[in-house]
Structures are given as structure tokens and as C-alpha cells.
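Listed here are the chains, written in short residue letters.
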Number of protein chains: 2
Amino acid sequence: MTPAPPKNFHTSNPETETAIDRTIPDFPAAQLSDEDKYFTHHKPPSYLPDLEDEVKEFIEYHQRNTHKRIVLVTSGGTTVPLENNTVRFIDNFSAGTRGATSAEYFLENGYAVIFLHREFSLLPYSRHYSHTTNCFLDYMTEVNNKVEINPQFADEMLIVLRKYKQAKESNSLLSIPFTTVNQYLYTLKSVSQIMEIVEKKAIFFLAAAVSDFFLPQSRMPTHKIQSQESGGKLEVNLEPVPKFLSRLVDNWAPSALIVSFKLETDNSILIKKAKNALDRYQHQLVIGNLLQTRKKEVVFVTPSGENSWIKLTDDQISKEVEIESLIIPRVIEIHTQWIENK
Amino acid sequence: MTPAPPKNFHTSNPETETAIDRTIPDFPAAQLSDEDKYFTHHKPPSYLPDLEDEVKEFIEYHQRNTHKRIVLVTSGGTTVPLENNTVRFIDNFSAGTRGATSAEYFLENGYAVIFLHREFSLLPYSRHYSHTTNCFLDYMTEVNNKVEINPQFADEMLIVLRKYKQAKESNSLLSIPFTTVNQYLYTLKSVSQIMEIVEKKAIFFLAAAVSDFFLPQSRMPTHKIQSQESGGKLEVNLEPVPKFLSRLVDNWAPSALIVSFKLETDNSILIKKAKNALDRYQHQLVIGNLLQTRKKEVVFVTPSGENSWIKLTDDQISKEVEIESLIIPRVIEIHTQWIENK
């Protein structure tokens, strides 16, 4: 089915903005869920309609021409602005390494990738040359009044460039940005509803670090918070972000394979929290990881009750094997099973 | 004079960490200022001694060989971690455009530049190719199995590369990073004390967006804040960051020209707040700017009481003139006056 375009977009009329979206039958007006309340009280980003057009075109292209499986990879941290003219915001630690790296391995395994990422976080392929201590220009050198690639980097760059051009020329990678948690939530909702046409051939690979808290629009000051107020102290009271994963699983993308991440810093609660998420949202896979060791080990927690660890060996670590090169094939196996069993 | 190395570094002994630094005579033990209390209650970053060595070497090189004036440019926003194993933090909006661009114009005007910047924010020269919507690899193309610069970007890149290599080869640019407000404050203190040897030939050009608030180490939770605590809400209570500018002006760098920035979003309070800063800290120049118009107009507020605006004309805007190309020569004029009058 082609979903109806999400309502409440394009409007600045407060009456139509609080209209109830009757396309979601489970939540009649009298019992609006927290998630639906969120969308009635917060405006969509103004660019969303254009972005929806891009996503539709991308998906239709693959539906018509390549019949590829499609994965939405979310990546990077969301911000929670503390002011309307944003000077200060709360952020979630994430350079986007997991998401950008995973996107590459999905592409290499034949998936079309929608890469929903924090603006200026790492991108597939270019990640090899950004957010490093090397300046971009350190890869360059001047030869006979011409800029050339420094020979010591040239061979590896050719390999990366070819993969990048391949992804671009085959129209297999669509990158779309977000900054705030509000932009993220609206975009996830739109993209997932558009992607539902792909049904079980879709994966949602939710690697973004989404804030658990937000400051409601109604309480946000217009201007920069002045530090002399309240004796120079700052008290910030944030509300919980509604649990959109249940909306995604139940309503927006009920046919897709949904993979969420659980990042903790305390080893003793990691598995329990991953299982809780699975129980609560009834999706297919939680990948657990600790901030301290996330680049060398993760645990797959599935409804079957088995916890399956993926750990890099010392040999793999010394050879700079990326753990995503092991994670993604395993996710794809689970996806293949999912498609066969549906 | 060569300042004594800052105390309290290198130590993890709680007793020596709270020892009073007797090198600052104005604040005896009984009347520790907020700034001094800050340093006794917060640990320096572990990498600080190495960084101090780099700065000393850089300054000594220019003292011995080039006799250049030296500017410390600070750039980008500081973070305030909300957890010890940091997942969440408060950030200040800043890509680092003002600082990175200003650093280039100081270099072109013969200054040696210490560029104290938020890690992964914009850097002088490479800024032309990062944080854009273009991927790094879009500047590249493959010709005969070799990576080459796409011809449409090659000419401009050659100009930028030459300036970058010139800055590097003349050892005129030292880039040092920070992330948290604690790292920023310790580094500013160390660098300014080392720079005092340059006396009046030094400028402090403080373009970084430094948090006005912080969470004291003593109140910081070790692990990721759990969202189910207190019904999913989050209450953050922050303390005011002590006013280090007075310490810089009075103690750390009393001979240098000190330029601070005032960024507001509300036009009606901009000048007043700039004047207040000048009255309070008794330094030489506040550059005021509004978030909304900061790329096309700024105001110089000086102790003389005159407010002098720098505004790009429509013609300059259409030609993409950078406002820093007007700001920096004006700052240098003020610096020349400062040197002559001292």
C-alpha cells in the first residue's frame, strides 16, 4: 500500500495543527497517546515535504528497477534545544561511527540505504577522512602547480572513492539530515510510513543516539537564557520523549525488521535493559553495547532468549577489522529469515 | 618573565590537589576566589603537560626566530558533561566559523596563531571543505586509475592549499583542541600564563562559545542517567561558571590585548551587555554580534565609549566577502595602538 502523506505538515494554522490524525485507528480522540500528543503539540520541520518527495522517489526507483532490500540507518545524536533561537542545547554523545560504518556494509551487501544522520556527523565513505586529527588538506600535495593526492594516501583513497561513486551511481545511498530530536522524530515517522510499501524487505537499523528527554516547545524561551537570572544558576526541567519505537513497530512499519540499539556505561544492567526494550516494543532485535567497549564487542538480544555476543579477537583488533563487518552480515541473516518466515 | 608551570597538574593525590596556589598573591587562603576554588575542585585534563610543552616550544620558536606577534584564537563551543562516562552533555551552538576564519586573516597579516578549538569544529583552511553539504569525496574524481581533484574545484583548492602549507611550513599555526568547559578553562589558564612572555605583542581573541553554566564534578553521576528515574523526567541544576575573564585580564595575561565576544539573540540588550562586560573585566575590546546577523554585522565596543559597527554592504555580501576580512585588520590597528601606548 502507499500510505497517505502524513497530516499536519505544511500548516501554520493552530486549529488544523491540533486536528487528530484519523488514519491511526488505535487511538481515538479521547485517548490520544503520548506519541500522538507529541505530534499535535510540536511543528514539523519546514523542509519535511521536500524530504518526503526525495524518499518516495528513491524507494520507487528501487521498487521499479533494482528490487533491492532497503534499510533505514539512523546515525548520530539528536539535540534538545534549550532556547528557540538556539544558543544552548543538550546533545547525546555520538560521532556517528556505528551508523556510517554500518551503512557501508549494508551497501556492500546489496542493500539500498537511507541514511538518516545528524548533520555534520560521519558519513559513509567520507568518514575515512573526516573527524580525524588529520586536516583534509594534509591528504593533498602540490605538484607542478596542481593539487594532487599525497602518494601515501592515494591507493587507499582510490578504493574508498570507487565504493562511494558506485553507491552514488547506482543511486543506492540517500542521505538525509536531522539536528534536533523533533526533526528526527518527524522524519522517522514520515520515512517509515513511506517505506511501508517495501513491507518485509525493509530494515530499520536504529543506531542514532536519540534523547530520552526534551523541552516542550511551549516552555522554551525565545531568547538566549541570561546567566544572571536566578543568581547565575540554571535549572533545566525536561520531559520524557514519548516511546516512539512502539509506534514504529505497531503502526508505521509493521512489516519491517526492526533493530534497535541499547548503549549503556554500566555493564551490570546492559542485558536486562536490552531485554526490557524487546519485551516492551515487541520488535525483533536489540543490539546491546557499552560505551567503553562498543568498537570491539556487542551483544545481539532476540525474542528467542539467547544472547549472542560478537567480539573482535585480538588478531582482528590488530588488523583494524571493523566490528560492523561482522554485525551487518549477521543482521542480514536475521532479515533473510524474517522474509522467509513472513 | 617566564611563568612558573601551573600547579596542581599531574597529581591524583586529593591532598595536594586542594593545595592553594601561592603564586597568585591577590587571593590568600582565607578568601579563595570562585575561580581559584574551581581549579582546586576540578582536575586538569591528563594531556595538559604535553600541550604546555607544545605551546612553550611554539612561542619560544617565534621569540627567537620570527619576532612575530602572537594571537590566541579560541573557537567553537564548550561542552558541559552531565555524566562522568559521558553520554549526555550540554553544548553551545558554534561551528567555529568565526574563529577559524579569523585565524586565517591573522595568519595572512603576519601573526603566529595558537588556535584553541573545539575538537572537530572548523579549522583554518580546511574549513572551506568541511561542514558543508558536500562530501569530501565529491571533490575527487578518478582519472586513469588515479584519484584526482575534480577540475571544477582544482584552482581554488590550490590557493587554499598553498596558504595552508605556508602556515605549516613557517610554523605559524599551532592547533590545540578542547571539548569540555573544564578542558577549555585549564588550557586557557596554562596557555595564557605561558604566553605572558610575549607581553604586549600578544592578543587574546576569545571567539569560543564558553558555557555560562557547569555541573560540578562532585555532583556528576558516574553512569548514564536512567530515564525511568523520577518518572522519566530529567532535572538538571547547573552552577555558574566563574568569571575567568577577570583572572585572565588581571593575573594570567596582564600585558596582552584582550578581545572578547558577546553573542546575543535579542538586539535590544546587545550593546548594554557588551558595555557591562567591558566595565566588569576592564579589558580592551568587546565585539558584539547577534546570532541572526553575525555573518554580516558586528559592533566594536571599547572603553572610549564609542560603538563602531562593521557591516558588509550588499555588494560585499553578493561577492561573498567574509566579515572577518574587515574585523581582523581593525583589531590589528587597535593592537598596534596598544603596543605603541604601552
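Because the structure is a prediction, the values reported are computed rather than measured.

**Q** Which parts of the structure should I look at to understand the relation of the copies chain B and chain A?
**A** Mapping between the two copies of the chain is achieved by a rotation about an axis and a shift along the axis. Superposition of chain B onto chain A requires a rotation of 180° combined with a translation of 0.0 Å along the rotation axis, giving an RMSD of 0.0 Å. With respect to symmetry, the two chain copies, as superposed, fit the operation of a two-fold axis. When C-alpha positions in chain B are compared against the rotation axis, the closest is assigned to I90(B), at 2.1 Å. A shared interface surface links the copies, since 100% of the contact residues of chain B are contact residues in chain A too.

**Q** I keep staring at the sheet that holds strand β14 (residues 307-311) of chain B and nothing clicks. Help me out?
**A** Strand-to-strand pairing in sheets goes through backbone hydrogen bonds, with the strands running parallel or antiparallel. Residue and element names in this part refer to chain B. The strand order across the open sheet formed by 8 strands is β7-β4-β1-β8-β11-β12-β13-β14, and the pairing between neighbours is mixed. Of all strands in the sheet, those with a lone pairing partner are β7 (173-178) and β14, marking the two edges. Going across the sheet, the axis of each strand differs from the next one's by a mean of 15°, ignoring polarity. By the bridge criterion, 6 bridges tie strand β1 (residues 70-75) to strand β4 (residues 112-118) in an arrangement that is parallel. Across the sheet, residue V73 finds its bridge partner in β4, namely F115.

**Q** Is there a simple way to think about the interface of chain B and chain A in this case?
**A** Accessible area lost on assembly of the parts is the figure often given for the size of an interface. Contacts between chain B and chain A engage 63 residues on the former and 63 residues on the latter. Among the residues chain B hides against chain A, the three largest losses belong to F136(B), L137(B) and F213(B). Together they make up 11% of the total. For R162(A), the salt bridge goes to E142(B), with nearest N and O atoms at 2.8 Å. Applying the counting criterion to the chain B and chain A interface returns 21 residue pairs in polar contact (both at pLDDT 80 or more). Every element with two or more residues in the side of chain B that touches chain A is listed here: β3 (88-92), β5 (140-143), β6 (146-149), α5 (151-169), β10 (234-240) and β11 (257-264) of chain B. Ranked by residue count, the leading element in the side of chain B that touches chain A is α5(B), at 9 residues. Its residues assigned to classes, the side of chain B that touches chain A shows 28 nonpolar, 17 polar and 18 charged.

Rules used in this analysis
Residues numbered from 1 in each chain as written. Chains lettered and ligands numbered in written order. Predicted model: local features only at pLDDT ≥ 70, side-chain atom pairs only at ≥ 80, totals over all residues. Heavy atoms only, no water. Least-squares fit on C-alpha atoms with pLDDT ≥ 70 in both. Contact = heavy atoms within 4.5 Å. Pairing = 2+ DSSP bridges. Helix = DSSP H or I, 4+ residues; strand = E, 2+ residues; numbered from the N terminus. Axes fitted to C-alpha atoms, helices over the stretch in contact; angles between N-to-C directions. Buried area = accessible area lost by both parts, 1.4 Å probe. Salt bridge = Lys/Arg side-chain N within 4 Å of Asp/Glu carboxyl O. Polar contact = N/O pair within 3.5 Å; in protein donor to acceptor, adjacent residues only side chain to side chain. Nonpolar A, V, L, I, M, F, W, Y, C, P; charged D, E, K, R; others polar.

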